[in-house]
Number of protein chains: 2
Amino acid sequence: MLKDELDIVIPTIRNLDFLEMWRPFFEPYHLIIVQDGDPAKTIKVPEGFDYELYNRNDINEILGPKASCISFKDSACRCFGYMVSKKKYIFTIDDDCFVSFLLSLSIGWVDRSVAKDPSGKDINALEQHIKNLLSPSTPFFFNTLYDPFAEGADFVRGYPFSLREGVPTAVSHGLWLNIPDYDAPTQLVKPLERNTRYVNAVFTIPKGTLFPMCGMNLAFDRELVGPAMYFGLMGDGQPIGRYDDMWAGWCTKVICDHLRLGVKTGLPYIWHSKASNPFVNLKKEYNGIFWQEEVIPFFQQAVLPRDCTTVQKCYIELSKQVREKLGKIDPYFNKLADAMLTWIEAWDELNPSLAPTAVPNGRQK
Amino acid sequence: MLKDELDIVIPTIRNLDFLEMWRPFFEPYHLIIVQDGDPAKTIKVPEGFDYELYNRNDINEILGPKASCISFKDSACRCFGYMVSKKKYIFTIDDDCFVSFLLSLSIGWVDRSVAKDPSGKDINALEQHIKNLLSPSTPFFFNTLYDPFAEGADFVRGYPFSLREGVPTAVSHGLWLNIPDYDAPTQLVKPLERNTRYVNAVFTIPKGTLFPMCGMNLAFDRELVGPAMYFGLMGDGQPIGRYDDMWAGWCTKVICDHLRLGVKTGLPYIWHSKASNPFVNLKKEYNGIFWQEEVIPFFQQAVLPRDCTTVQKCYIELSKQVREKLGKIDPYFNKLADAMLTWIEAWDELNPSLAPTAVPNGRQK
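Note that the structure is a prediction, hence the values are computed from the model and not measured.

Draft legend 1. Just the relation of the copies chain A and chain B, in detail. If you rotate chain A by 180° and push it 0.0 Å along the axis, it lands on chain B with an RMSD of 0.0 Å. Both copies are brought into coincidence by an operation consistent with a two-fold rotation axis. Interface residue correspondence from chain A to chain B reaches 100%, placing this contact among same-surface, isologous pairings.

Below you can see the structure in the form of structure tokens.
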């Protein structure tokens, strides 16, 4: 089921031994591996997986000068995989994340009702993402029993009947047990904190509310929202890192709100095994920590005009607003606004069947 | 702790045997019992509880002609208890809700990590409400690990530091296991559905998002938001019932958003023992089901002017907008707009120390 409709995108710089843990879940699917860093290095992929692998040379060859929009030496490069995929759905995951007996044990301990198979069968993260994407979202009113489409749940008293149909779901944002996704300052202050709280629910993030989207365990509908999932300019040669997924999340949420699409967060959890180095992270993040104080209000106030009826049009309009309103924070945002346009051009080139009929040329102001 | 700062308000038409189940938790607190229906009937309260009881005669005597704003033959009468309380916090609960071994068993089964005492000690719903009210809310940005102030949790990467202080929490909305709070149509369609999903989390409902507030298991800060907790005109002589708590929830959320106060939902759960009759409910609800399709968009679009700096001022302004915009749906809303003003007048009379210095007279248009 969905075998021909979903690709798994993995950015990496190392051998993909972690795939052994995911074998029963990932083997039926096609993998798109985006190799970051030195293209001369050989990445080993365990036998039996169906995959294609792109290194920097491949990216440069396929995109030509437009390859400039794909980050280097940063997992932001994963969005190249979204672009070359030909499937309807994408699941992307970091290579230090596991399903595995650790998660099952943890869930068994925290919440036995979730491990439905009493034999202790592993949780199927992918299956939960697919469920999330295939059932509607409810962004216009909060349901206090959470996902009304989950088994045994519904809309509560006082929920308007006209809103119960919901809207199509574009994004399913999964969470992490063990190492939480903290910023460097929080990592430094709380080096030993682990997330052990398994919250058995899926939420629609309400319209008008932004959230910090993490790329570690994320699925989305490429046809609905793919061109918004650009992970920005990070890493090598850029003044910022670790804001790639945040950037994609802000842009995507604003566009989903405008186009009446849903964004969910919650289940599934994956087991995040390893904390990254907080000192290195601080160096990557400090500009972002500073800039987000202006960037988030910018996205909170961003309004897209009515004639932005496709994701591409919305994204091009957003890039204009980024240049206009964020360019004054730092020249980096002008470069980013350019890259946003390059990304859309490259996307449409590689995905002619998904391109809207008339994309306005947004580069001229 | 908080013994002198919290009252428990219970609307009822029967003997309060259910209190036996709550004895260890409620006995330290003062109860305000609002007797609905025939005032000649004697309500028995188990021994050992510290309580005051008001029947309809008492309400008429205390409020005089202003008693018209308090509903009769509907649990909406509970809001009289909020008005006569002199405490900072209110916890209100229906008389068919239990803590009890049923809840513990259920939680033990669903989520053992919550029943912290391995001896199987009951969950303390009241304690959780107090925790919710004493810790800040975060309505301006969604935290994907949910309540950042819970033990073992924090703000995730990408959460703006300027928003981490949060805002004071005005409302703590608790949930229900077993019988879910469904409207009559859903009750009729799913008579056997039970809520067995224990979601171990507390959420801030984001700014700008409305929710269906249920009065079954609710706590709030009377000093922060008391005058907004008017449960409207329901029951005897009114064309609507079962929208009392919804009305209070819509008004309160709009006012909290305006005054930068927080509303939380989630834990604690109580065990809701008995489904009300869906046929009776349908008769009470049908106007509400119809009207809410216009009333909810009204509240979603309601804007309060800047000079509405107190709950009272906000509430009087809302009553004006109700008259203006909802009066055309049905004359009932004009009556309700009047009652909203009467409620504020009665509130200020009974709570002179909480009254704002200058309440504009909103009745003249």
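Draft legend 2. Region of the structure containing the UniProt feature "site: Required for activity" (unreviewed entry) in chain A. Residues given the UniProt feature "site: Required for activity" (unreviewed entry) here are R157(A) and R164(A). For R157(A), a relative accessible area of 5% gives the class buried. Setting aside residues no more than four positions away along its own chain, R157(A) makes contact with D181(B), Y182(B), D183(B), P212(B), C214(B), R242(B), D245(B), M246(B) and E285(B). Secondary-structure assignment places R164(A) in the loop between α5 (125-134) and β6 (169-178). Of the residues examined, R164(A) reaches a relative accessible area of 12% and is grouped as buried. Once residues within four sequence positions are removed from consideration, R164(A) is found in contact with F149(A), F155(A), V156(A), Y159(A), D183(B) and T186(B).

Draft legend 3. Quick look at the packing of helix α9 (residues 278-301) of chain A against helix α10 (residues 311-326) of chain A. All names here are of chain A. Across the interface, α9 lies against α10 with an axial gap of 11 Å and an inter-helix angle of 135°. Regarding the angle of α9 to α10, the classification is oblique. Of the two possible hands of crossing, α9 and α10 adopt the one that is right-handed. Side by side, α9 and α10 meet where E294, V295, F298 and F299 of the first sit next to L318, Q321, V322, K325 and L326 of the second.

Draft legend 4. Region of the structure containing the interface of chain A and chain B. Contacts between the two partners involve 66 residues from chain A, matched on the other side by 66 residues from chain B. Counting each side, the surface lost to burial between chain A and chain B is near 5,400 Å², with a carbon and sulfur contribution of 56%. When the buried surface of chain A facing chain B is broken down by residue, F142(A), R157(A) and R197(A) rank first, second and third, together holding 15% of it. Remark: the boundary between chain A and chain B carries 8 salt bridges. At the boundary of chain A with chain B, the tally comes to 24 residue pairs in polar contact (both at pLDDT 80 or more). Listing elements by their share of the side of chain A that touches chain B, those giving two or more residues are α4 (100-110), β6, α6 (184-189), α8 (244-259), β9 (262-272) and α9 of chain A. In terms of residue count, α9(A) provides more of the side of chain A that touches chain B than any other element does, 6 residues in total. When its residues are assigned to classes, the side of chain A that touches chain B shows 34 nonpolar, 15 polar and 17 charged.

Definitions and cut-offs
Residues numbered from 1 in each chain as written. Chains lettered and ligands numbered in written order. Predicted model: local features only at pLDDT ≥ 70, side-chain atom pairs only at ≥ 80, totals over all residues. Heavy atoms only, no water. Least-squares fit on C-alpha atoms with pLDDT ≥ 70 in both. Contact = heavy atoms within 4.5 Å. UniProt positions renumbered as here; feature names shortened; annotations may be inferred. Buried < 20%, exposed > 50% of the residue type's maximum accessible area, 1.4 Å probe, protein only. Helix = DSSP H or I, 4+ residues; strand = E, 2+ residues; numbered from the N terminus. Axes fitted to C-alpha atoms, helices over the stretch in contact; angles between N-to-C directions. Parallel < 35°, antiparallel > 145°, perpendicular 65-115°, else oblique. Left-handed = near helix turned anticlockwise from the far one by under 90°. Buried area = accessible area lost by both parts, 1.4 Å probe. Salt bridge = Lys/Arg side-chain N within 4 Å of Asp/Glu carboxyl O. Polar contact = N/O pair within 3.5 Å; in protein donor to acceptor, adjacent residues only side chain to side chain. Nonpolar A, V, L, I, M, F, W, Y, C, P; charged D, E, K, R; others polar.

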